[in-house]
Amino acid sequence: MTERLYYDQPYLTEFTAQVLACRPRGEDFDVLLDRSAFYPTSGGQPYDTGVLGSARVIDVNVEGGEVWHTVTQPLAVGESVQGRIDWTRRFDHMQQHAGDHMIAGALHRLMGGVTIGLHISDRVSTIDVAMPEGATRISEEALRRIEQDVNEHIQRDVPIRCWFPTPEELPLLPLRKPPTVTEHVRVVAIGDDEMVACGGTHPSSAGQLGLVKILSVAPARGKMRVTFVAGQRALSDYAACHDAAHGAAELLSTGVEHLRDSVFAMQERLKAAEFELTRLRREQLLSQVQGMLADAERLMDGTLLIACFVDADAALLRDVTSALIAQPGVIALLGAKAGDQAIYVFGRSADAPLHMGTLLGNAARPLGGKGGGRPDFAQGGGCPEILEAARLAVKASC
């Protein structure tokens with residue numbers, strides 16, 4: 001079985017090992033060593049990368065208790081090879097994993113939450129938590145309490161200890177939750193109030209996390225998902241938020257402390273302007289109704305047909321159609337374009353022929369659109385060609 005050096009030496013970045021086996025894996029190769037400092041994907045923590053000799057390590061996994069390294073070129077069985085860990089990646093994962101323990105511990109101590117799983121991605125980390133009574137959210141105040149608790153432990157630089165307790169010692173330890181394995185149980189303790197079984201790599205003290213920032217709490221598969229960043233990720237997040245906030249404040253000619261109020265005031269002004277614009281656009285379009293009627297195409301049976309696109313939203317489209325069909329003998333086929341698609345409102349006067357719902361559905365479906373409605377009024381959407389198809393169908397019927 002591979003000797004896993006990272007258990008006792010998480011800060012070890014270079015080591016020498018003997019190649020025990022090498023097998024093809026597609027265009028790459030899987031290599032087995034007698035000892036390794038490379039962490040394999042496990043417990044939500046991603047694998048380490050680095051090099052073995054001149055071969056790049058691009059994946060590390062456990063198979064039957066052995067650590068297999070996926071590398072970019074073959075290594076000779078029996079040779080001694082120098083391994084080197086990508087320390088930036090390793091230490092980032094150490095920070096995220098310790099942050100997971102500290103958030104999970106605080107949620108358990110302060111709110112009774114039980115952590116189900118951890119996932120560390122390239123940008124953020126998440127933990128899924130089963131909360132009392134099935135809660136999937138917590139208040140902003142409770143969230144800040146958890147975050148403050150974690151960062152107080154970081155500021156005190158509480159020790160982080162990782163060890164394999166004896167079978168006699170293990171049952172006496174105040175673990176946050178029962179271990180998922182029965183043999184070779186490894187325990188991680190952070191300070192005096194967080195202790196759980198874990199095989200991951202961690203810093204030797206909490207101060208090395210620097211900062212933990214909880215980004216969001218949201219429901220996920222019936223549990224509460226906490227998204228967070230720690231260490232350099234938290235610093236990068238702060239820098240991005242700082243730049244964005246100060247940039248926005250400068251654009252609004254205000255201080256960061258007044259940014260929220262300034263944005264709210266701008267939103268209110270925008271709402272008022274949009275309301276006024278909608279009112280003016282409605283007045284303008286409705287004022288064109290008589291002109292649209294005058295320019296309408298008169299069909300063989302005397303029905304007036306209006307088929308065109310207008311600059312309007314769905315509500316205004318309905319208003320203009322209603323105004324047109326208030327006159328006798330009118331069929332109005334109106335559309336409004338939105339990119340390469342369009343929305344449609346078809347209407348007819350009480351004395352005009354055809355079923356508008358059927359007309360719109362028959363025109364839209366062959367062209368990948370949809371629509372339907374009453375005999376006198378229908379709505380739908382799809383490509384701009386639907387309007388011409390409907391116009392030709394009306395002319396063929398009237």
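Structure's up top.
Every value quoted in this text rests on a predicted model; they were computed, and no experiment measured them.

1. A closer look at the overall build of the protein
Within the protein, the regular secondary structure consists of eight helices and 21 strands. Whereas a compact globule of 398 residues would reach a radius of gyration of roughly 21 Å, the protein reaches 33 Å, over 25% beyond that. Across its three principal directions, the C-alpha atoms of the protein cover 95 × 55 × 45 Å. In the protein, which comprises 398 residues, the share counted as buried stands at 43%. Carbon and sulfur atoms form 53% of the exposed surface of the protein, whose accessible area is close to 20,600 Å². Side chains of the protein carry 38 positive and 50 negative charges; the gap between the two charge centres is 5 Å.

2. Considering the packing of aromatic side chains
Under the defined criterion, the tally for this structure stands at eight aromatic pairs. The interplanar angle of 80° and the centroid separation of 5.2 Å between the aromatic rings of Tyr7 and Phe164 together place this pair among those described as edge-to-face. Taken together, the positions of Tyr7 in the loop between strand 1 (3–4) and strand 2 (14–25) and Phe164 in the loop between strand 11 (160–163) and strand 12 (187–190) put the pair 157 residues apart, joining distant regions of the chain. By the ring-pair criterion, three or more aromatic residues cluster together here, those being Tyr6, Tyr7, Tyr39 and Phe164. Arg89 extends its terminal NZ or CZ atom over the ring of Tyr47, reaching a point 4.8 Å from the ring centre. Its guanidinium or amino end placed over the ring of Phe309, Lys337 lies 4.8 Å from that ring's centre, counting from NZ or CZ.

3. A closer look at the side chain of Thr70
Following the sequence through the fold, Thr70 ends up in strand 7 (residues 66–71). The buried category is assigned to Thr70, whose relative accessible area is 5%. Side-chain polar atoms of Thr70 contact the side chain of Asp30, separated by 2.8 Å. Ignoring any residue separated from it by four or fewer positions in sequence, one finds Thr70 in contact with Arg25, Asp28, Phe29, Asp30, Arg56, Val57, Ile58 and Asp59.

Analysis parameters
Residues numbered from 1 in each chain as written. Predicted model: local features only at pLDDT ≥ 70, side-chain atom pairs only at ≥ 80, totals over all residues. Heavy atoms only, no water. Helix = DSSP H or I, 4+ residues; strand = E, 2+ residues; numbered from the N terminus. Rg over C-alpha atoms; globule rule 2.2 N^0.38 Å. Buried < 20%, exposed > 50% of the residue type's maximum accessible area, 1.4 Å probe, protein only. Areas by Shrake-Rupley, 256 points an atom, 1.4 Å probe, with all protein chains shown as cover. Lys, Arg positive; Asp, Glu negative; His and termini not counted. Charge placed at Lys NZ, Arg CZ, Asp CG, Glu CD. Phe/Tyr/Trp six-rings, centres within 6.5 Å; stacked < 30°, edge-to-face > 60°. Lys NZ or Arg CZ within 6 Å of the ring centre and 35° of its normal. Polar contact = N/O pair within 3.5 Å; in protein donor to acceptor, adjacent residues only side chain to side chain. Contact = heavy atoms within 4.5 Å.

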